[in-house]
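Descriptive structure summary
Each chain is listed here by its residues.
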Amino acid sequence: MKKFNIKYFIPVTIVILFLIFFSQVLNRDVSKLSSQLIEKPIPTFNMPTLFNDDQSFNTSDVAEKNVALVNIWASWCIPCRSEHEILMILSKIEGLNLYGINYKDNKDNALKFIEQLGNPYNKIGVDKNGRSSMVWGVYGVPETFIIHKGTVIYKHIGPIHMNELEDVILPILGKIL
Amino acid sequence: MTIGNFGNLLMLICLLASFTQLLYLLPKKIDIDYRVLSRAPFFASLLAFTLLIYIFVSSDFNYQLVVNNSHSEKPLIYKIAGAWGNHEGSLLLWILVLTIFNFIFSYSKIKHVDFKKNVMAFQSLMIFGFTLFLLFTSNPFLETEITVNEGLGLNPVLQDLLLAIHPPILYVGYVGYSLVLSFAVGGMISNKVDREWAEWLHPWVLIAWIFLTLGIGLGSFWAYYELGWGGYWFWDPVENASLMPWLAGTALFHCVIILKKKNILQSWTILLSILTFSLSLIGTFLVRSGILNSVHTFASDPARGLFILIFLAIILIISFTLYAFRGPALDNKNEMNLVSKESGILANNWLLLSTLFVVFLGTLYPLGTDLFLQKSISVGPKYYILSLLPITILLLLAMIVGPSAKWQNDKILNIILSINKLFILSLAIIFGFSIYFAELQLTQITLLTLCLTLIFISIKNGLRVNQDYTIIKSSLGQSLAHIGFGLLILSVVGNATFAQEKIFQAKVNDTLILDDHVFKFNSVEQTEGKNFNAITATFYLMDNKTILDTFEPEIRVYSNPPTVTSETSIIRKFLADIYVVMNIPENSDFVNVRIHIKPLISFIWLSVILMVVGGISAIVFRVKLTR
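What this report covers is the structure whose coordinates are included nearby. (Residues numbered from 1 in each chain as written. Chains lettered and ligands numbered in written order. Predicted model: local features only at pLDDT ≥ 70, side-chain atom pairs only at ≥ 80, totals over all residues.)

1. Quick look at the overall build of chain B
Within chain B one finds 17 helices and 10 strands. Compactness check: chain B gives a C-alpha radius of gyration of 28 Å against a globular reference of 25 Å for 627 residues, within 12% of the reference. Dimensions of chain B, computed from the C-alpha atoms along their principal axes, are close to 90 × 80 × 55 Å. Partitioning the intrachain contacts of chain B with sequence separation of at least 6 by distance along the chain shows that 73% fall at a separation of at least 24. (Helix = DSSP H or I, 4+ residues; strand = E, 2+ residues; numbered from the N terminus. Rg over C-alpha atoms; globule rule 2.2 N^0.38 Å. Contact = placed C-beta atoms within 7 Å.)

Shown next as structure tokens:
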């Protein structure tokens, strides 16, 4: 019987290399991860719209606009409710096109939400199980992207509060509008 | 004492008992009652899990987990399912499954006490590690610091019966492979890797495999019906994470059969046993650390990722190092002939592992480019389809030839003779189909012919009889599972080939023809709903003059705010699912109608059932070793 054979060490070597790889991946700068899309062209996506199964909300809708704002929301998301009035304010700004992505939601509830609180969006895409939003790097709701000529220039995680609207969002929009 | 404190106490008991039991792995043996020790973690985690369900059912908003994942107005079943529909709760379920397997194994009639204790000690090491993980980074019993009256968990997409039951089933399979790893480690330490070992292992591998198959099938079923537009598999990282152990596990139980029968491939079987659960662990790491973007992303926390990685490293390095030192001594000198059933199984092994490699690479590639090139890419279905196509063809071939070959030694001519008629029959059927119904391409003809041949051959093999004309039960499981696999590929290819979609501009009384389906646009009516006005169209699916089905797609007009929505009408039939949706363009006197036909979907689910039933009968009718 053989006692020692270098061949049998191949699996453990591969495993160790992978473990090192995983540890490197884990050490990645997480803040970089969240801003992966910044200064990059918007991702390719295509989804049906909330009001019409037959219509689509896709990359070209957003890319063709000079300034666009994409907001990821859901009716079950409580912070989204408080954020909604900010979006209603933003929708009144001329030249700014608002789009919504309805995330992991139930259609009836989503429609009721819009009915109660108003519709600030030019178009609302439906991402029923969260797959289409993956390309946007969405981790939760709400999240908001500001897009200038097809390039993502700002990403906001969580609801936009009134002070953030004044201190962050409006100055950014002021520069590009 | 609050429920939460009691839950924590139970998990502490689980931690200590499993720690005591894992001490058996130390060189200096301490004699302890392993049965008693395996019961404590089992009952402790079972009770803790019950408590968790209790706080969800009673909507006890003193607990953070309940606040974040439940709501008092949720239906009862979803309150229960809410207990494991989150990171912490599902981790407790992980631990419960680990302990269940250890508990049941403690009752097995294995006479080799040292081996049995080693298996249970290694299983306890895993229970210990995951319990530590739970207590320190993911405690489900954390109390809220402020008073909360209502939960946040009303996400309606998660309120789905299938979604609620598929994780527990998937986990039994996914985590069940832990015992297989413990078998490998125990076998190497006790120097007991032989035919008997394979016989002991056989049912456990199959149990895990059955649950994993069923779990993956249910997950896919859910995705199909919830998404609504015809996709059943998305090559999503979490789907891949469950597919990888399935592939390795499938290769493994085939090897176990050879080892049991021929006493060869010891070290290879050990390697596969380790690999299978390693893939379960790696999948868990990828999903739970949040490093992959996925639909299933649980709340990500770097501390959790680090903990799983360290634990993963400990388990993997122990097992693979043990293999590096013990591996060379395991193998027998028994030779293997090239033309034999065992080499057919081995070929199938390599093909399954190639598939595994493709999936592994596709899942990790985006991480690699992200890390080394600072570029994010996404790997799409095209990559998987193109890479897996040739492998699938070879796999089908191996599955056709392998079971028809004899053990040990066979002649190629014999094998060809035994399958040629069925092969020609299948080819004729597919060619006939291609000529009379729908023209097929060479790849499709190849795949479909092989699938059909596989189905026929497997039926033939399943119907083999003993001398007294009773069916040979031991090969029944294999036949059913292989028919299932053939049917699966057949339906997947058929679905991809014959899915149809067409847009019509239609007026009332028009006839719409899509392929051999004739639809009659019967009427448009206006109806009033609760808070909307609806325009409902009626389409009949006709067969000459008889109405087969009625489709009623709808357009809803809501008044406040003024919005228009369209509702799809879907009818699911045995051979195909049919979707009808309409849309009214402004200032026109016709409507736009879109019709989709998605064929053979029900056969995909049928094929999964066949594989599961095959697995069950493979356990029930497994051949006992003659001693």
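2. Regarding the overall build of chain A
Within chain A, the regular secondary structure consists of 6 helices and 7 strands. Along chain A, from the amino end to the carboxyl end, the secondary structure elements read α-α-β-β-α-β-α-β-α-β-β-β-α. For chain A, whose C-alpha radius of gyration is 21 Å, the value lies well above the compact-globule estimate of 16 Å for 177 residues. Burial status across chain A gives 38% buried among its 177 residues. For chain A, contacts bridging at least 24 residues in sequence account for 74% of all contacts bridging at least 6. (Buried ≥ 20, exposed ≤ 12 C-beta atoms within 10 Å, placed from the backbone.)

3. Details of the nonpolar core
Ranked by size, the top nonpolar core spans 181 residues in total, and within it Ile95(B), Val180(B), Val205(B) and Cys451(B) carry the most contacts. When residues of this core are assigned to their parent elements, the largest contribution, 17 residues, is made by helix α8 (residues 195–227) of chain B. Here this core spans two domains, and each of domain 1 (1–159) and domain 2 (500–602) of chain B adds at least three residues to it. In contact with Ile95(B), other than residues within four places in its own chain, are Cys14(B), Ser45(B), Ile127(B), Phe130(B), Thr131(B) and Leu134(B). Counting 32 residues, the second-largest nonpolar core is a separate cluster that includes Cys77(A), Tyr103(A), Leu111(A) and Phe145(A). (Core = buried A, V, L, I, M, F, W, Y, C linked by C-beta atoms within 7 Å. Domains from an automatic or database assignment.)

4. What to know about unusual backbone geometry
Residue and element names in this part refer to chain B. Notably, Trp 235 is not glycine yet its phi reads approximately 55 degrees, a positive angle. If you trace the backbone, Trp 235 turns up in the loop between α8 and α9 (237–262). One non-glycine residue, Leu 265, lies in positive phi territory at about 65 degrees. One can find Leu 265 in the loop between α9 and α10 (266–288). Here Leu 265 falls in the buried class, since 24 other C-beta atoms lie within 10 Å of it.

5. Considering the sheet that holds strand β7 (residues 151–157) of chain A
All names here are of chain A. With respect to topology, 5 strands assemble into an open sheet ordered β5-β4-β3-β6-β7, the strand pairing being mixed. Across the chains shown, the open sheet's two edge strands, defined by having one partner strand only, are β5 (123–127) and β7. Adjacent strand axes in the sheet meet at a mean angle of 20 degrees, parallel and antiparallel pairs treated alike. Relative to β5, strand β4 (residues 96–103) runs parallel, the two sharing 5 bridges. The partner of Tyr 103 across the bridge, within β5, is Asp 127. (Pairing = 2+ DSSP bridges. Axes fitted to C-alpha atoms, helices over the stretch in contact; angles between N-to-C directions.)

6. Side note on the packing of helix α7 (residues 161–189) of chain B against α9(B)
All names here are of chain B. Here α7 crosses α9 at 55 degrees, and the two axes come no closer than 11 Å. Our classification of the angle between α7 and α9 gives oblique. α9 is crossed by α7, and the crossing has left-handed handedness. Together, Leu 170, Tyr 174 and Tyr 177 of α7 and Ser 242, Pro 245 and Gly 249 of α9 make up the contact between the two elements. Among the residues making up the contact of α7 with α9, the classes are represented as 4 nonpolar, 2 polar and no charged. (Parallel < 35°, antiparallel > 145°, perpendicular 65-115°, else oblique. Left-handed = near helix turned anticlockwise from the far one by under 90°. Nonpolar A, V, L, I, M, F, W, Y, C, P; charged D, E, K, R; others polar.)

7. Focus on helix α12 (residues 341–372) of chain B
Each α-helix turn comprises 3.6 residues. Residues three or four places apart therefore point the same way. With 32 residues, α12(B) should reach 46 Å at 1.5 Å per residue; the first-to-last C-alpha distance of 44 Å fits that figure. Its maximal kink placed at Leu364(B), α12(B) deviates by approximately 40 degrees, while the proline Pro366(B) follows within four residues. (Expected span 1.5 Å × (residues − 1). Bend = angle between axes of the 7 residues up to and from the residue.)

8. A look at the packing of helix α15 (residues 442–462) of chain B against helix α16 (residues 476–498) of chain B
All names here are of chain B. Look at α15 against α16: their axes get within 8 Å of each other, and the N-to-C directions meet at 160 degrees. As the angle between them shows, α15 and α16 are arranged roughly antiparallel. The hand of the α15/α16 crossing is left-handed. Seen from α15, the contacting residues are Gln 444, Leu 447, Leu 448, Cys 451, Leu 452, Leu 454, Ile 455, Ser 458, Ile 459, Asn 461 and Gly 462; seen from α16, they are Leu 476, Ser 479, Leu 480, His 482, Ile 483, Gly 486, Leu 487, Ile 489, Leu 490, Val 493 and Thr 497.

Everything listed here is a matter of geometry and, on its own, says nothing about what the molecule does.
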